[in-house]
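Take a look at the letters that make up each chain.
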Amino acid sequence: AKRVGRGRAVVYGPALGDASRRLSQIELALRGAFKAGQFHLHFQPKVDAKTMRPVAVEALMRWNHPKLGTVAPGEFISAAERCGMIHELGQLALREAALAAKQLDGLVVAVNVSPLQLMESDFTSIVAGILKEVGVEPARIELEVTESVMLDDAREALRRLHALRELGVRVALDDFGTGYSSLAYLRSFPFDTLKIDRSFVQSLGEQANSHAIIDTIVQMARALGMRTVAEGVEGDIELAAVRAMHCDEVQGYLVSRPLSLGSLKSWLDGQHEG
Ligand code: C2E
Ligand code: CA
Ligand code: CA
Ligand code: CA
């Protein structure tokens, strides 16, 4: 491994596998891609489980590189976290999401927030600044965090979540059920929303356990005054099951894939006609 640039390690030689070569290519391409404006958001609708009407969208980052092709967020988000670009990317996501919120009347726009962003020194004022600059009500924005925000310094993470809440933005706990100590955090912080991880939803057909787990999560969330979203709903059987269990919202390919803002608007227009 040879050190180049700002302490970035680049590995050379025949031992390098295709996968790790792609990872270092991604890291090296990130900054240029950011400057070239190659990052943008897609939006996936969340519908009310009872009425099936759209109530929110989740903003998901997309990157189309001329040579690397479509790079999945699973690949480039962790690369951006390693090389420090996550802060710029995260602010881009917040700003674009806020701009979208202004064009999507009534809908809440959810944005994913990396633990590194939450823990940057002035994250709350960055969020406040962007919302003010764009001119969007904080209540229209929901920040999705995972339990991994608590890993490093749970007290500080909770303090920051409370500060964001005071600002008026909503806060969701993403991928719920896959972390290690979910229940303790629910006692320390009043999340607005629990997003039930798609691994539970997608195993509804095969594993009887999943049904019991989702049912329990929904009842607990109710008792604690939180909304629930079933993620990754792909089929009619899952949809019927999560509706029967009184999940509040449904998100997944069955309803819609993530769409560009333009396609989302057409999709929303189509929903009004139905
Ligand atoms: P996530 O926050 O759990 O987002 C949901 C992922 O599930 C998205 O993948 C979405 O496209 C996918 N999905 C939605 N419905 C279905 C379905 O019915 N079936 C299946 N199989 N998948 C479905 P995506 O867009 O590839 O994003 C992956 C992850 O990357 C996200 O997981 C999130 O953790 C991260 N990510 C995406 N955009 C951002 C961003 O702007 N900032 C940060 N920090 N992370 C982001
Ligand atoms: Ca999410
Ligand atoms: Ca999720
Ligand atoms: Ca995830």
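In every chain, residue numbers begin from 1 and rise along the written sequence. Here the convention is simple: chains get letters from A, ligands get numbers from 1, in the order in which they are written. Confidence filtering applies because this is a predicted model: local features only for residues at pLDDT of at least 70, side-chain atom pairs given and counted only at 80 or more, and all residues used for totals across whole chains, interfaces and linings. Just so you know, side-chain values use all the structure's heavy atoms and leave hydrogens and water out.

As annotated in an unreviewed UniProt entry, the protein chain is EAL domain-containing protein from Roseateles paludis.

With that settled, the discussion passes to the coordination of the calcium ion (ligand 4). Ideal values differ by geometry: the angle at a metal is 109.5 degrees with four tetrahedral donors, but 90 or 180 degrees with six octahedral donors. Note: metal donors comprise N, O and S atoms at 2.8 Å or less from the metal (3.2 Å for Na, K and Ca); water molecules are not included, so apparent gaps in a site are possible. Taken together, Asp-175 (OD) and Asp-175 (OD) make up the protein donors of the calcium ion (ligand 4), found 2.6 to 3.1 Å from the metal. Separation of the calcium ion (ligand 4) from the calcium ion (ligand 3) amounts to 4.0 Å, with Asp-175 serving as a shared donor to the pair. Strands here are runs of E lasting at least two residues and helices are runs of H or I lasting at least four, both read from the DSSP assignment and numbered beginning at the N terminus. Note on placement: Asp-175 falls in strand 8 (residues 170-176).

This paragraph deals with the packing of aromatic side chains. When the centres of two rings from Phe, Tyr and Trp lie within 6.5 Å, Trp using its six-membered ring, the rings pair. Their planes under 30 degrees apart give stacked, over 60 give edge-to-face, and anything left gives tilted. Here the structure, examined in full by the defined rule, presents four aromatic pairs. Between Phe-39 and Trp-63 the ring centres are 4.9 Å apart and the planes differ by 40 degrees, which places this aromatic pair in the tilted class. Of this pair, Phe-39 sits in strand 3 (residues 39-48) while Trp-63 sits in strand 4 (residues 54-65), and the two are 24 residues apart along the sequence. An aromatic cluster is defined as three or more aromatic residues linked by ring pairs; in this entry it consists of Phe-39, Trp-63 and Phe-76.

Once that is clear, we can look at the pairing of strand 6 (residues 108-112). Note on strand geometry: in a regular strand, side chains alternate between the two faces of the sheet. Burial status follows relative accessibility: with a 1.4 Å probe on protein chains alone, a residue under 20% of its type maximum counts as buried, one over 50% as exposed, and anything between as partly exposed. The buried fraction of strand 6 amounts to four of the five residues, a majority that puts the element mostly inside the structure. Whether two strands pair depends on DSSP finding at least two bridges between them. Here strand 4 runs beside strand 6; their pairing, made up of four bridges, is parallel. Across the sheet, residue Ala-59 finds its bridge partner in strand 6, namely Val-111.

Turning to the site of ligand 1, a few remarks are in order. We call a residue near a molecule or strand when any one of its heavy atoms sits within 4 Å of it. Near ligand 1 lie 21 residues; those nearest to it are Arg-62, Asn-112, Arg-198, Glu-234 and Tyr-253. Between ligand 1 and the protein, one listed contact pairs an oxygen atom with a side-chain N or O atom of Arg-62 at 2.8 Å. Arg-198 has a polar side-chain atom sitting 2.8 Å from an oxygen atom of ligand 1. Note on areas: Shrake-Rupley with a 1.4 Å probe; residue coverage comes only from the protein chains shown. In isolation ligand 1 offers 800 Å² of accessible surface; the protein chains occlude 81% of this area. Breaking the shell around ligand 1 down by element, the ones donating at least two residues are strand 4, helix 2 (73-83), strand 8 and helix 8 (198-202). Considered class by class, the residues forming the shell around ligand 1 number eight nonpolar, six polar and seven charged. Definition of a polar contact: a pair of N or O atoms within 3.5 Å, with one able to donate and the other able to accept a hydrogen when the atoms are protein atoms, and with sequence-neighbouring residues admitted only if both atoms are side-chain atoms. Nonpolar residues are Ala, Val, Leu, Ile, Met, Phe, Trp, Tyr, Cys and Pro. Charged residues are Asp, Glu, Lys and Arg, and all others, Gly as well, are polar.

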